[in-house]
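Take a look at the letters that make up each chain.
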Amino acid sequence: MDPMVSCCVAAVAVLLAIACAFRLARMKNKLIVTIRKLSPYLAITLGVLSVFMFIMDDVVEYIGFTSFFVVVGIVIAALILIGHSFSICRRSLLHSDNKAEKTAKKKSRFGTGALSALCFIDALSMAMAGFALGVNFHLNNGTGAIVAITLFFFIFLQQIASIERMESVIPVNAARANVLISLGAFLAAAIISHVVLADDLTASCISISIAAGYLMYLSLWQFYFLAKNAKK
């Protein structure tokens, strides 16, 4: 199958799978609860395996181990700093008291500017995920498929947490609109990054190394939250 078609199919499949997962996550079925609990571990495992067993082998023969790990390290460090800043902004935008009447009052005051800022932060994060998917399909369909499955778990966990937090603070319709915009950014970034990626081999390998750094960042981020919650 043509890589461009494969990329589009995979991106749409990820979005459809997430839509189904949203519905299932609301259910109290024991199997669904168990799957949701296992999702972080699956996400971390797939994230690490996709980088070291699939992406790295195809890239290092062209740019070398040193260049690969330097790019990955820089991307991880940059995303940690950016992600921490965005996390602070997001918490500030969504901070509310636990009392129902104050929460309801805050919902009515949550303005267009705050919603726009929230949408921008979430859409940018999802666009990065779309970029990772698009450039890996440029590498080959097999690696792209593995990355698509990996991103499904990461995006699922991220969006479920996002919705649960937002629905208690902002109007339900606004929360759903934010999710739709984020998922749209993911789809657009996946297609655009695949189309415009330069044919130059070195540029392609660097782009794929950036995507690998992003996947490692997501794995580290998820591991951090698992370790943090385990201490509670």
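Keep in mind that this is a model prediction, so the values were computed, not measured.

**Quick look at the overall build of the protein**
For the protein, the helix and strand inventory stands at seven helices and zero strands. Ordered by position from N to C terminus, the α and β elements of the protein give α-α-α-α-α-α-α. Considering the protein as a whole, with its 232 residues, one finds that 43% of them fall into the buried category. The long-range share in the protein, meaning contacts at least 24 apart out of those at least 6 apart in sequence, stands at 84%. Accessible surface for the protein amounts to roughly 12,200 Å². Of this, 69% is attributable to carbon and sulfur atoms.

**Some words on the nonpolar core**
Core analysis: the largest hydrophobic core is formed by 46 residues, its most contacted members being I55, F68, L133, L151, I155, F186 and Y214. Of all the secondary-structure elements, those providing two or more residues to this core are α1 (3-25), α2 (30-94), α4 (112-139), α5 (141-166), α6 (172-196) and α7 (201-230). With 13 residues, α2 is the single largest residue contributor to this core. Those residues in contact with F186 that sit more than four places away from it in its chain are A11, V14, L15, M126, A127, A129, G130, L133, L151 and I155.

**Notes on the packing of aromatic side chains**
Counted according to the given criterion, the structure contains six aromatic pairs. Between F152 and F153, the ring centres sit 5.1 Å apart and the planes meet at 70 degrees, which makes this aromatic pair edge-to-face. Just as F152 is buried, F153 falls in that class too. An aromatic cluster is defined as three or more aromatic residues linked by ring pairs; in this entry it consists of F52, F65, F68 and F69.

**Side note on a nonpolar patch on the surface**
Taken together, V48, L49, F52, M53, F54, F65 and F69 make up a surface patch of nonpolar side chains, about 600 Å² in accessible area. Looking at where L49 falls in the secondary structure, it is placed in helix α2. Classification of L49 by relative accessible area gives partly exposed; the value is 34%.

**A short note on the environment of S87**
Along the chain, S87 falls in helix α2. Assessed through its relative accessible area of 28%, S87 is described here as partly exposed.

**Digging into the side chain of S209**
Within the fold, S209 resides in helix α7. A polar contact is formed between the side chain of S209 and the backbone oxygen of C205, at a distance of 2.8 Å. Not counting residues within four places of it along the chain, the set of residues in contact with S209 comprises V59, I63, F68, V71 and V72.

**Notes on the side chain of N136**
Turning to its location among the elements, N136 is positioned in helix α4. Of the polar contacts made by the side chain of N136, one reaches the backbone oxygen of A132; its length is 2.7 Å.

**Digging into the confidence of the model for the protein**
Of all residues in the protein, 73% attain a pLDDT of 70 or more, and the chain-wide mean is 76. Summarising per-element confidence for the protein, the mean pLDDT is lowest in helix α3 (residues 100-109) (44) and highest in α7 (86). Contacts from residues 96-109, a stretch scored under 50 in pLDDT, to residues over four places away or in other chains number 17 contacts.

**Points about the environment of A145**
Structurally, A145 can be placed in helix α5. By relative accessible area, which is 35% here, A145 ends up partly exposed. For the pair formed by A145 and C7, sequence separation is 138 residues and the distance between their alpha carbons is 8.5 Å.

**Here we look at the environment of A123**
By secondary structure assignment, the location of A123 is in helix α4. Residues contacting A123, with those up to four places away along its chain left out, are I181, S182 and A185.

Conventions used here
- Residues numbered from 1 in each chain as written.
- Predicted model: local features only at pLDDT ≥ 70, side-chain atom pairs only at ≥ 80, totals over all residues.
- Heavy atoms only, no water.
- Helix = DSSP H or I, 4+ residues; strand = E, 2+ residues; numbered from the N terminus.
- Buried < 20%, exposed > 50% of the residue type's maximum accessible area, 1.4 Å probe, protein only.
- Contact = heavy atoms within 4.5 Å.
- Areas by Shrake-Rupley, 256 points an atom, 1.4 Å probe, with all protein chains shown as cover.
- Core = buried A, V, L, I, M, F, W, Y, C linked by side-chain atoms within 4.5 Å.
- Phe/Tyr/Trp six-rings, centres within 6.5 Å; stacked < 30°, edge-to-face > 60°.
- Patch = residues over 30% accessible without salt bridge, like charges linked within 9 Å, V, L, I, M, F, W, Y side chains within 5 Å.
- Salt bridge = Lys/Arg side-chain N within 4 Å of Asp/Glu carboxyl O.
- Polar contact = N/O pair within 3.5 Å; in protein donor to acceptor, adjacent residues only side chain to side chain.
- pLDDT = per-residue confidence, 0-100.

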